[in-house]
There are 2 protein chains.
Amino acid sequence: MPIFYTPDLTDTTKEIILSGTEFKHIKNTLRKKVGDILHTTNGNGLLAKCSIKDISPHEMILQIESIEKKEKSHPHIALAFALLKQHNELIIEKCTEIGVYEFFPFYAKRNVKTSLSDNQFERLQKIAIAAVKQCDSTHLPKIHKPFNFKGLLQKLSHKYTPVVAWEEERQQRLHNILNDAERDICLIVGPEGGFEKSEIDCAGQNSAQIVSLGNHILRAETAAITITANTIFYQLGRNPKFY
Amino acid sequence: MPIFYTPDLTDTTKEIILSGTEFKHIKNTLRKKVGDILHTTNGNGLLAKCSIKDISPHEMILQIESIEKKEKSHPHIALAFALLKQHNELIIEKCTEIGVYEFFPFYAKRNVKTSLSDNQFERLQKIAIAAVKQCDSTHLPKIHKPFNFKGLLQKLSHKYTPVVAWEEERQQRLHNILNDAERDICLIVGPEGGFEKSEIDCAGQNSAQIVSLGNHILRAETAAITITANTIFYQLGRNPKFY
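Residues numbered from 1 in each chain as written. Chains lettered and ligands numbered in written order. Predicted model: local features only at pLDDT ≥ 70, side-chain atom pairs only at ≥ 80, totals over all residues. Heavy atoms only, no water.

A. View of the packing of helix α4 (residues 149-156) of chain B against helix α6 (residues 197-205) of chain B. Residue and element names in this part refer to chain B. Remark: α4 packs on α6, axes separated minimally by 10 Å, with the N-to-C direction vectors making an angle of 20 degrees. Relative to α6, the element α4 lies roughly parallel. Viewed along their axes, α4 and α6 form a crossing whose handedness is right-handed. Every residue of α6 that contacts α4 at Phe149, Lys150 and Leu153 is listed here: Glu199, Cys202 and Ala203. The residue makeup of the contact of α4 with α6, split by class, is 4 nonpolar, no polar and 2 charged. (Axes fitted to C-alpha atoms, helices over the stretch in contact; angles between N-to-C directions. Helix = DSSP H or I, 4+ residues; strand = E, 2+ residues; numbered from the N terminus. Parallel < 35°, antiparallel > 145°, perpendicular 65-115°, else oblique. Left-handed = near helix turned anticlockwise from the far one by under 90°. Contact = heavy atoms within 4.5 Å. Nonpolar A, V, L, I, M, F, W, Y, C, P; charged D, E, K, R; others polar.)

Written out as structure tokens, the structure reads:
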């Protein structure tokens, strides 16, 4: 049963008026009727149980029955990824499902993709919303506008321990870093052609940890999904309620 | 630098004649010349360092310089997945990169997809070969013809501990199972609509362990990639050379 996305929901909301795509989905595809129960989220931790109070041709009124707060666990797991020629949508979809807190797309030196149009950016946001609904999550990850790599490292330093996956790293393993991490974690994955050594050096100077993902070379989008899945798996090992 | 797939390579091969797609890729896309060095694999653990001895219009001769054996580590990690309406190719591609030993597609009760054409099967095999080349692996995972679920469980019992991901399982975690596993492991993921309870019961009667993947509902293909990545990550924690 999907959760519906109602960004205006607050913890004092009594009724929600739904129109547009969500309305059509509930009325025409799911064929819900007056009295049926739905769940909605504001994408920021609130989960509302609602009953359908009224359906008119272009909107429906949902009455809030109860509201609970389901916040993301700490450490927050963010993902910074070099924008790819293809597969950015796959990264956003899969990593939203798995539980990323926020996304930082960026441009690295070897980026083939060097711009993101407004349409492409909006499409990424729509994919994140669809993934949240699909996976019963109450947290819609924020997708930031793209950074350059140096700007990214500066932006992260206030909140996150940056962890860079690099295929040339042989010693340091993700396991060790996660074991020691005390702050929120931002995982960082490079472009199709990998990071340049100078970028890895720059990351190191900005307190980043450089890690290996194992003994196979992964495509960039596979590395992004794998490091995210493994970091959350590690947190679940320490806290089975990690959300 | 990709590895090229030469299934006829044995540990006594002196020369390989390459034609067809691999030949065109090396000659026209990579523009390799006589004397250049390449690596090839038979997809079964052999990795050969070769030099290009001769290039003619339709084939090239590779001279073997050295051969090493790079076998898959134990436990082998297999993946059984209910064939999906879409995304089977994504599962094969990503899980081959991550390091699956062999694939067992199957039909569950709620399968929307109920047949796999010869063309579709060949396409999955091509995707596995491309993924092996891309990720520097010397092991081409075998893709079995589809099983029904009961046949699958019987087939697995000789070699594998079956581990079923089920979204309704709340207690048992993948971590605990991996900790205790002494045999090779076959991860099992259901179709879009999930397993029926009777299938989970049947799996349990066939020595399968039922596990939760955490506190978000994952799409079927995301579950397949996530459980594979997590299982290999776990093995890397015990053996950093896990391959």
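Further notes follow.
B. Representation of the packing of aromatic side chains. If you walk through the whole model with that rule in mind, you get 13 aromatic pairs over all chains. Seen from their ring centres, A:Phe106 and A:Phe149 are 5.2 Å apart, and the 35 degrees between their planes marks the pair as tilted. Here the residue A:Phe106 occupies a position in strand β7 (residues 102-107), and A:Phe149 occupies one in helix α4 (residues 149-156), the gap between them amounting to 43 residues. Comparing A:Phe106 with A:Phe149, the two get one shared label, buried. When the ring of A:Phe106 is compared with that of A:Phe195, the centres are 6.1 Å apart and the planes differ by 0 degrees; the resulting orientation is stacked. In this pair, A:Phe106 is assigned in strand β7 and A:Phe195 in the loop between β11 (184-189) and α6 (197-205), connecting sequence segments 89 residues apart. Ring pairing ties together the aromatic residues A:Phe104, A:Phe147 and A:Tyr160, which thus form one cluster. In this arrangement the basic side chain of A:Lys72 is found over the ring face of A:Tyr243, its NZ or CZ atom lying 6.0 Å from the centre. Positioned over the ring face of B:Phe121 is B:Lys145, at 4.2 Å from the centre of the ring. (Phe/Tyr/Trp six-rings, centres within 6.5 Å; stacked < 30°, edge-to-face > 60°. Buried < 20%, exposed > 50% of the residue type's maximum accessible area, 1.4 Å probe, protein only. Lys NZ or Arg CZ within 6 Å of the ring centre and 35° of its normal.)

C. Just the interface of chain B and chain A, in detail. Taken together, the 38 residues of chain B in the interface contact 38 residues of chain A. Summing the contributions of chain B and of chain A, the shared interface buries around 3,200 Å²; its carbon and sulfur component is 57%. For the chain B face of the interface with chain A, the top three residues by lost area are B:His216, B:Arg219 and B:Phe233, together amounting to 24%. Between chain B and chain A we count 6 salt bridges in total. For B:Arg219, the salt bridge goes to A:Glu93, with nearest N and O atoms at 3.7 Å. Looking at the side of chain B that touches chain A, the elements that each hand over two or more residues are α2 (88-98), α3 (118-134), α5 (174-180) and α7 (220-238) of chain B. Examining the composition of the side of chain B that touches chain A, we find that 10 residues originate from one element, α7(B), more than from any other. In terms of residue class, the side of chain B that touches chain A is built from 18 nonpolar, 11 polar and 9 charged. (Buried area = accessible area lost by both parts, 1.4 Å probe. Salt bridge = Lys/Arg side-chain N within 4 Å of Asp/Glu carboxyl O.)

Read these as spatial facts, not as claims about activity.
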